[in-house]
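Each chain, letter by letter, is given below.
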Amino acid sequence: MPNIRPISDLRNNSNEISEFCRTSREPVFITKNGVGDMVVLSIEMYERQQAQLDLYSKLAEAEAEIASGSEGVDFAEFAKKLRTSANGRV
């Protein structure tokens, strides 16, 4: 169940809201005059969501390349080159 609080709680109970967001890893929905206004989220969860969005964007780009017939790189070859450059040997 979402945690919904009035905007006055943001001013009066900001430490409590911050603690809730960090410990529960859940957002707090803030209302203004009974209408949704903003969402408060811990920085950890915000960064996690941003990383997921970046990953989804890259996956969509890769799928579009495959759909357009773009030729990919063989994974075994790529892994071998990566190991060679990282370790200097296979």
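One can find the structure itself at the top, above this paragraph.
What counts as what
- Residues numbered from 1 in each chain as written.
- Predicted model: local features only at pLDDT ≥ 70, side-chain atom pairs only at ≥ 80, totals over all residues.
- Heavy atoms only, no water.
- Helix = DSSP H or I, 4+ residues; strand = E, 2+ residues; numbered from the N terminus.
- Buried < 20%, exposed > 50% of the residue type's maximum accessible area, 1.4 Å probe, protein only.
- Contact = heavy atoms within 4.5 Å.
- Pairing = 2+ DSSP bridges.
- Axes fitted to C-alpha atoms, helices over the stretch in contact; angles between N-to-C directions.

S.K.: Go over the side chain of T31 with me, naming the residues and quoting the values.
M.R.: Inspection of the secondary structure puts T31 in strand 2 (residues 28-32). On the basis of relative accessibility, which here comes to 18%, the residue T31 falls in the buried class. Once residues within four sequence positions are removed from consideration, T31 is found in contact with I4, R5, P6, I7, G36 and D37.

S.K.: I'd love a proper account of the sheet that holds strand 2, names of residues and values included.
M.R.: Strand order in the open sheet formed by 3 strands is 1-2-3, and the pairing between neighbours is mixed. Each end of this open sheet is capped by a strand with a single partner; those strands are strand 1 (3-6) and strand 3 (35-40). Within the sheet, the average angular offset between the axes of one strand and its neighbour, ignoring direction, is 35°.

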